[in-house]
Amino acid sequence: MSKNSRSHSTYIENAESILKFLEKNEFVTKYTLGIIKNKKPPSKTITKPKVILKENSILIRINSKFSNQEIYVYGNNLEQVEKSLKKL
């Protein structure tokens, strides 16, 4: 059973390894993929994903050369999940 909260979802290529981690992590109950926003003009570099711990969730901001996407993660023991995500 998928932890994704929607039946159809599209993600940017840079998010694939993070999504695989979220599917396997025992503390993650679900995640929601945000809208893909195109960059105009494209950036010259790709930055690391930003992981932000909020009160009841984790916000992950993923950047690629041509687009940005946010992923919201929900579950238990989010502090542990945040530490693991920062190591990816």
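What comes next is a walk through the structure.

Procedures and definitions
Residues numbered from 1 in each chain as written. Predicted model: local features only at pLDDT ≥ 70, side-chain atom pairs only at ≥ 80, totals over all residues. Heavy atoms only, no water. Helix = DSSP H or I, 4+ residues; strand = E, 2+ residues; numbered from the N terminus. Rg over C-alpha atoms; globule rule 2.2 N^0.38 Å. Phe/Tyr/Trp six-rings, centres within 6.5 Å; stacked < 30°, edge-to-face > 60°. Lys NZ or Arg CZ within 6 Å of the ring centre and 35° of its normal. Buried < 20%, exposed > 50% of the residue type's maximum accessible area, 1.4 Å probe, protein only. Arc of directions from axis to C-beta. Contact = heavy atoms within 4.5 Å.

Things to note about the overall build of the protein chain
Each helix and strand in the protein chain was counted, giving two helices and five strands. Put simply, the protein chain runs from its N terminus to its C terminus through helices and strands in the order α-β-β-β-β-β-α. Radius of gyration (C-alpha) of the protein chain: 13 Å, near the 12 Å computed for a compact globule of 88 residues. Taking the principal axes of its C-alpha atoms as reference, the protein chain extends roughly 40 × 30 × 20 Å.

Quick look at the packing of aromatic side chains
Within this structure, the stated rule accounts for zero aromatic pairs. Taking the ring centre of Y74 as reference, the NZ or CZ of K30 above it sits at 5.4 Å.

With respect to helix 2 (residues 78–87)
Every buried residue of helix 2 is accounted for by L78, V81, E82 and L85. Taken end-on, helix 2 shows its buried residues confined to a sector of 100°, consistent with a single buried face. Exposed and facing more than 90 degrees away from the buried side of helix 2 are K83 and K87. Considering only its buried residues, helix 2 is in contact with helix 1 (16–24), strand 1 (28–33), strand 3 (50–53), strand 4 (58–63) and strand 5 (67–75).

Regarding the environment of S17
Structurally, S17 is set in helix 1. As a C-alpha pair, S17 and S84 span 67 residues in sequence and 13 Å in three-dimensional space.

What to know about the environment of N76
Here N76 shows up in the loop between strand 5 and helix 2. Under the relative-accessibility criterion, N76 is labelled exposed at 51%. The spatial distance from the C-alpha of N76 to the C-alpha of K39 is 34 Å, given a sequence separation of 37 residues. Aside from chain neighbours lying at most four places away, what touches N76 is F27, T29 and V81.

Interpretation note: all reported values are geometric properties and have no functional meaning in isolation.
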